[in-house]
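Per-entry structural report
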Amino acid sequence: HLTNSWHPKSGGIRTFYLALLDAANRAGHEMHLVVPAEHDETEMVGSCAVIHHIRAPLAPSSTAYRILYPHRYLWPRSRLCSILRQVQPDLVK
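An account of the accompanying structure is given in this report. (Residues numbered from 1 in each chain as written. Predicted model: local features only at pLDDT ≥ 70, side-chain atom pairs only at ≥ 80, totals over all residues. Heavy atoms only, no water.)

With that settled, the discussion passes to helix α3 (residues 79-87). Within the span of α3, buried status applies to L80, C81, I83 and V87. All buried residues of α3 project into a common sector of 160° when viewed along the axis, lining one side. Of the exposed residues in α3, the ones pointing more than 90 degrees away from its buried face are R85 and Q86. For α3, the elements touching its buried residues are β1 (31-37), β3 (49-55) and α2 (70-73). Immediately downstream of α3, the backbone of Q88 shows phi near 50°, a positive value. (Buried < 20%, exposed > 50% of the residue type's maximum accessible area, 1.4 Å probe, protein only. Helix = DSSP H or I, 4+ residues; strand = E, 2+ residues; numbered from the N terminus. Arc of directions from axis to C-beta. Contact = heavy atoms within 4.5 Å.)

One non-glycine residue, S61, lies in positive phi territory at about 60°. Mapping S61 onto the fold places it in the loop between β3 and α2. Look at Q88: it is not a glycine, yet its phi comes out positive at around 50°. Q88 gets classed as partly exposed once you look at its relative accessible area, which sits at 38%.

The buried fraction of β3 amounts to six of the seven residues, a majority that puts the element mostly inside the structure. Across seven bridges, the pairing between β1 and β3 is parallel. Note that in β3 the partner of P36 across the bridge is I54. Across five bridges, the pairing between strand β2 (residues 41-45) and β3 is antiparallel. Looking at the pairing, E41 lines up with H53 of β3. Linkage of β2 to β3, two consecutive antiparallel strands, is achieved through a turn of three residues, within which G46 is found at a positive phi near 75°. (Pairing = 2+ DSSP bridges.)

Listed below in structure tokens is the structure:
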């Protein structure tokens, strides 16, 4: 999963993803979430879920939200493409 609607004090979408991460852990299913952040970081959430924080600029007219612009993150050597190569979401494991 990938979302631009992520901030420590954001509402519904962040709440939804936190519940999904929790459900993945309870079911023992691997789950990865990519979110924009101030710094690159990989955060384990329980034993099965991972949040990949990717350094991103602030969204226009925002002092809190950051945004992953496709033209900045979809080139072969980007952090996002590296995560996708590592996680291989299209492969059944």
